[in-house]
Amino acid sequence: GGALASQFVKVELNKGSMIKLESPVVSVVVADPETADVQMVSPRLIFVRGKRVGETSLYAVNDKDETVLDATVEITHNISRLNRMVK
């Protein structure tokens with residue numbers, strides 16, 4: 001059995017983040033596609049893009065139908081842009 005990677009991923013709104021996996025997966029699914037957009041870049045690399053502020057679940061499954069990634073994705077406001085505007 002594969003080790004389940006439980007992760008917490010923070011992504012800024014309209015930005016993206018790469019998630020590198022320990023083992024190859026065949027599919028990824030996001031609970032709320034309105035909140036985050038998820039793409040498989042390669043069997044070990046997932047790209048998550050924040051579409052609206054909120055939280056959703058992200059799962060990745062391998063060829064044995066085992067869940068290898070169980071992640072909570074939090075989409076936050078564009079903090080770095082706000083910080084730049086404040087300065």
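Our subject in this report is the structure included herewith. (Residues numbered from 1 in each chain as written. Predicted model: local features only at pLDDT ≥ 70, side-chain atom pairs only at ≥ 80, totals over all residues. Heavy atoms only, no water.)

**Describing the overall build of the protein chain**
Per the secondary structure count, the protein chain includes 1 helix and 7 strands. Its helices and strands taken in sequence order, the protein chain reads β-β-β-β-β-β-β-α from the N to the C terminus. Along the first, second and third principal axes, the C-alpha set of the protein chain runs to 50 × 20 × 20 Å. The burial tally for the protein chain puts 30% of its 87 residues in the buried class. Total accessible area on the protein chain is roughly 5500 Å²; 50% of this is exposed by carbon and sulfur atoms. (Helix = DSSP H or I, 4+ residues; strand = E, 2+ residues; numbered from the N terminus. Buried < 20%, exposed > 50% of the residue type's maximum accessible area, 1.4 Å probe, protein only. Areas by Shrake-Rupley, 256 points an atom, 1.4 Å probe, with all protein chains shown as cover.)

**Considerations on the sheet that holds strand 2 (residues 16-20)**
Here we have 3 strands laid out as an open sheet, ordered 2-5-4, and antiparallel in their pairing. Of all the strands in the sheet, just strand 2 and strand 4 (36-42) have a single pairing partner and so form its edges. Across the sheet, the axes of successive neighbouring strands diverge by a mean angle of 25 degrees, strand direction being ignored. Pairing between strand 4 and strand 5 (residues 45-50): 6 bridges, direction antiparallel. By the bridge assignment, M40 is partnered in strand 5 with I46. (Pairing = 2+ DSSP bridges. Axes fitted to C-alpha atoms, helices over the stretch in contact; angles between N-to-C directions.)

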